[in-house]
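Here are the chains, one letter per residue:
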Protein chains: 2
Amino acid sequence: MSTDYEIKKTNKVKQLKLKATYNKKIVHEILDAGLVAYVAFSQDDGPVVVPMIYGRKNDTIFLHGARKARIIRLLEKTNRASLNVTLLDGIVFARSTFNSSMNYRSVTIFGPPKIVTDNKKKLLAMKIISEHTMPGRWSEVRDSHLNEIKMTGVIKLKIEDASAKISSGPIKDEDEDYKLPVWAGILPITTQTGSLQDDERLINNAQPSEKIKRLQNKKIC
Amino acid sequence: MSTDYEIKKTNKVKQLKLKATYNKKIVHEILDAGLVAYVAFSQDDGPVVVPMIYGRKNDTIFLHGARKARIIRLLEKTNRASLNVTLLDGIVFARSTFNSSMNYRSVTIFGPPKIVTDNKKKLLAMKIISEHTMPGRWSEVRDSHLNEIKMTGVIKLKIEDASAKISSGPIKDEDEDYKLPVWAGILPITTQTGSLQDDERLINNAQPSEKIKRLQNKKIC
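Since the structure is predicted, the reported quantities are computational estimates derived from the model, not experimental observations.

A.B. asks: Help me out: how do you make sense of the overall build of chain A in this one?
C.D. replies: Within chain A, the regular secondary structure consists of five helices and twelve strands. Expressed along its principal axes, the backbone C-alpha trace of chain A runs to roughly 65 × 45 × 40 Å. A buried classification covers 42% of the 221 residues belonging to chain A.

A.B. asks: Even after reading the chapter, I still don't get the pairing of strand S6 (residues 81–93) of chain A, so can you show me in this structure?
C.D. replies: Note on strand geometry: in a regular strand, side chains alternate between the two faces of the sheet. Residues and elements named next belong to chain A. Among the 13 residues that make up S6, twelve are buried, leaving the element largely enclosed by the rest of the structure. Bridge count between strand S2 (residues 37–43) and S6: three bridges; the pairing is antiparallel. Following the sheet pairing, Ala 40 is matched in S6 by Ser 82. Two elements, S6 and strand S7 (residues 101–111), share eleven bridges in a ladder whose sense is antiparallel. What sits directly across from Leu 83, in S7, is Ile 109.

A.B. asks: Help me understand the nonpolar core in this model?
C.D. replies: Nonpolar side chains tend toward joint burial in soluble globular proteins. Formed by 115 residues in total, the largest nonpolar core has its most connected members in Val 39, Ala 40 and Val 49 of chain A together with Val 39, Ala 40 and Val 49 of chain B. Leaving out residues up to four positions away in the same chain, Ala 40 of chain A has contacts with Pro 47, Val 48, Val 49, Ala 81 and Ser 82 of chain A together with Ala 40, Pro 47, Val 48 and Val 49 of chain B.

A.B. asks: Looking at this structure, I do not really get helix H2 (residues 70–77) of chain B. What am I missing?
C.D. replies: Residues three or four positions apart in an α-helix share a direction because the helix packs 3.6 residues into each turn. All names here are of chain B. Taken as a whole, H2 has its buried residues at Ile 71, Ile 72 and Leu 75. Projected onto a plane normal to the axis of H2, the buried residues spread over an arc of 95° and lie on a single side. Where H2 is buried, its residues contact strand S2 (37–43), strand S3 (46–52), strand S5 (60–66), strand S6 (81–93), strand S8 (113–116) and strand S9 (152–158).

A.B. asks: Could you clarify how one ought to interpret the sheet that holds strand S9 (residues 152–158) of chain A in this entry?
C.D. replies: Residue and element names in this part refer to chain A. Across the sheet, four strands lie side by side as S4-S5-S9-S8; this open sheet has antiparallel pairing. Strands at the two margins of the open sheet, each flanked by one partner only, are strand S4 (54–57) and strand S8 (113–116). Strand after strand, the sheet turns through a mean of 30° between neighbouring axes, direction not considered. Alignment of strand S5 (residues 60–66) against S9, held across seven bridges, turns out to be antiparallel. Paired with Ala 66 across the bridge in S9 is Thr 152. The strands that helix H3 (residues 119–133) touches are S4, S5, S8 and S9; relative to S4, the one it contacts most, it runs at about 110°.

A.B. asks: Whenever I open this one, the interface of chain B and chain A confuses me. Can you help?
C.D. replies: Accessible area lost when the parts come together is the quantity often used to give the size of an interface. Taken together, the contacts link 82 residues of chain B with 82 residues of chain A. For the side of chain B that touches chain A, the elements supplying multiple residues, two or more each, are S2, S3, S6, strand S7 (101–111), helix H3 (119–133), strand S11 (185–193) and strand S12 (197–198) of chain B. By residue number, the principal contributor to the side of chain B that touches chain A is S11 of chain B, which donates nine residues. Tallied by class, the residues present in the side of chain B that touches chain A amount to 44 nonpolar, 25 polar and 13 charged. Direction of pairing for strand S11 (residues 185–193) of chain A relative to S12 of chain B: antiparallel, over a ladder of two bridges. Bridge pairing in S12 of chain B places Ile 186 of chain A opposite Gln 197 of chain B.

A.B. asks: Which parts of the structure should I look at to understand the environment of Thr 193 of chain A?
C.D. replies: Inspection of the secondary structure puts Thr 193 of chain A in strand S11. We classify Thr 193 of chain A as partly exposed; it has 17 C-beta atoms within 10 Å. As for Thr 193 of chain A and Asn 217 of chain A, which are separated by 24 residues in sequence, their C-alpha atoms are 4.9 Å apart. Setting aside anything within four residues of it in sequence, one finds Thr 193 of chain A in contact with Leu 215, Gln 216, Asn 217, Lys 218 and Ile 220 of chain A together with Leu 187, Pro 188 and Ile 189 of chain B.

A.B. asks: I keep staring at unusual backbone geometry and nothing clicks. Help me out?
C.D. replies: Excluding glycine, residues mostly have negative phi values, and the peptide bonds linking residues are mostly trans. Residues and elements named next belong to chain A. Although it is not a glycine, Asn 204 sits at a positive phi angle of roughly 50°. With respect to the helices and strands, Asn 204 occurs in the loop between strand S12 (197–198) and helix H5 (210–213). C-beta crowding within 10 Å serves as the criterion here: with 10 such atoms nearby, Asn 204 is assigned to the exposed category.

A.B. asks: Looking at this structure, I do not really get the pairing of S7 of chain B. What am I missing?
C.D. replies: Residue and element names in this part refer to chain B. Burial within S7 is extensive, with nine of its eleven residues counted as buried. Pairing of S7 with strand S10 (residues 161–167), which is carried by seven bridges, proceeds in the antiparallel orientation. The partner of Ser 106 across the bridge, within S10, is Lys 165.

A.B. asks: Got a minute to help me understand the relation of the copies chain B and chain A in this structure?
C.D. replies: Relating one copy of the chain to the other requires a rotation about an axis plus a shift along that axis. Mapping chain B onto chain A calls for a rotation angle of 180° and an axial translation of 0.0 Å; the resulting RMSD is 0.0 Å. What we have between these two chains is a two-fold relation. For chain B, the residue whose C-alpha comes nearest the rotation axis is Thr 191 of chain B, separated from it by 2.1 Å. Mapped onto chain A, 100% of the interface residues of chain B again fall at the interface, so both copies present the same surface.

A.B. asks: So what exactly am I meant to see when it comes to the sheet that holds S9 of chain B here?
C.D. replies: Each strand in a sheet pairs with another by means of backbone hydrogen bonds, the pair being arranged parallel or else antiparallel. All names here are of chain B. Spatially, S4-S5-S9-S8 is the arrangement adopted by the four strands of the open sheet, whose pairing is antiparallel. Each edge of the open sheet is held by one strand with a lone partner, namely strand S4 (54–57) and S8. Across the sheet, the mean angle from the axis of one strand to that of its neighbour is 30°, orientation sign disregarded. The sheet contacts of H3 involve S4, S5, S8 and S9, and relative to S4 the element is tilted by about 110°.

A.B. asks: What's the story with H3 of chain A in this structure? I'm lost.
C.D. replies: Relative to the 21 Å expected for 15 residues at 1.5 Å per residue, H3 of chain A spans 21 Å between its end C-alpha atoms, a close match to the ideal helical length. Taken together, the buried positions of H3 of chain A are occupied by Lys 122, Ala 125, Met 126, Ile 128, Ile 129, Ser 130 and Thr 133 of chain A. Among the structural elements, S4, S5, S8, helix H4 (146–151) and S9 of chain A together with S6 of chain B are those in contact with the buried residues of H3 of chain A.

A.B. asks: Would you explain the environment of Gly 65 of chain A in this entry?
C.D. replies: Residues and elements named next belong to chain A. Tracing the chain through its elements places Gly 65 in strand S5. Looking at Gly 65, the number of C-beta atoms within 10 Å reads 20, which means it is buried. Gly 65 sits 42 residues away from Val 107 along the chain, and the two C-alpha atoms are 22 Å apart. When near neighbours in sequence (up to four residues on either side) are disregarded, Gly 65 contacts Met 52, Ile 71, Ile 72 and Gly 153.

What counts, and where the lines are drawn
Residues numbered from 1 in each chain as written. Chains lettered and ligands numbered in written order. Predicted model: local features only at pLDDT ≥ 70, side-chain atom pairs only at ≥ 80, totals over all residues. Helix = DSSP H or I, 4+ residues; strand = E, 2+ residues; numbered from the N terminus. Buried ≥ 20, exposed ≤ 12 C-beta atoms within 10 Å, placed from the backbone. Pairing = 2+ DSSP bridges. Core = buried A, V, L, I, M, F, W, Y, C linked by C-beta atoms within 7 Å. Contact = placed C-beta atoms within 7 Å. Arc of directions from axis to C-beta. Axes fitted to C-alpha atoms, helices over the stretch in contact; angles between N-to-C directions. Nonpolar A, V, L, I, M, F, W, Y, C, P; charged D, E, K, R; others polar. Least-squares fit on C-alpha atoms with pLDDT ≥ 70 in both. Expected span 1.5 Å × (residues − 1).

If you want it as structure tokens, here you go:
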């Protein structure tokens, strides 16, 4: 199996300031660190972009929504979608606005969305998405009811083309701007979890599991 | 001027679990709190989604990139784009995976992207984007050079249609699931800034301004 996604017209990164990579391991790492994917597809009157939670297994992304949701019905009908996951790392304050930018890690993929209809395969995809968003939770809650599986629309998106862009320091200013007595630097940005908040209707003094507790006060990306 | 965006087929929110709003003030507040917009448009072989920094003035979103960047050239040629900004607030651990979800605030807009060619208007748009991302910085750095303005591609996207979705607690479980002795609750998520990191090539012991210092260790959204 190739370690890289093929470079095609669609996914070729043309901006030279950025580190571009087609390496599967890096693409997968960024996808695995994100929580929300921005999914674009075309409908009759133009493109639409929708934030969705997701999960990945090998070269396939799984997305879900209500079976009757517009997004699921539209993805089902389309033969090509684009998906982006971006992790924001910081704001780069250069010595000019022109050279100021953001540090980030970003992945864009393209593929054909397919609806998953088989209940067993749907359940497996639902588990992959659940474990991506709430690791360890799947085995703590009751089994999904058949009608819940039926009411869930699951889309699988095979990664046909993919690229990652990584923008990281140091600051690159114009040679003459380094003589300016203006401050320059980076303001880091992180996305993190806080402390668990109990639902008001817990019974038997139910406590979160150790796995769930470990998700608290942690940098996600 | 209307306080709401018109409800059309394009922007009508159909999911009932969510609070949907077309109120301009709420749409603008979410746009103003975000840092990255996910912009979708159609190209020959299908839809593409690209993360971009942005700024807003009234009902117009400004986006920028290198003048020769593919995204700018493609946006210039298209007559409709969709843009989404999502602020993630938490992971909702319900008593079943079916009712588990995310808390978030999200805005989707649609409009016709137009390239801005007049240098004065471009500079104004560049200031709006800069002040959105790095408030206060514009007046601290040197003026933009004419060639920098020329090398920057600026797109204005008039908000024609817009909707906001707000998903917030409390957890809604099935009636019978409240009897289960399983923990349920919310794991809050925040995006925040850290401490400023000096560039290695500062001169004259240059310090960040008070305005920039105030951006540190703050919840963005």
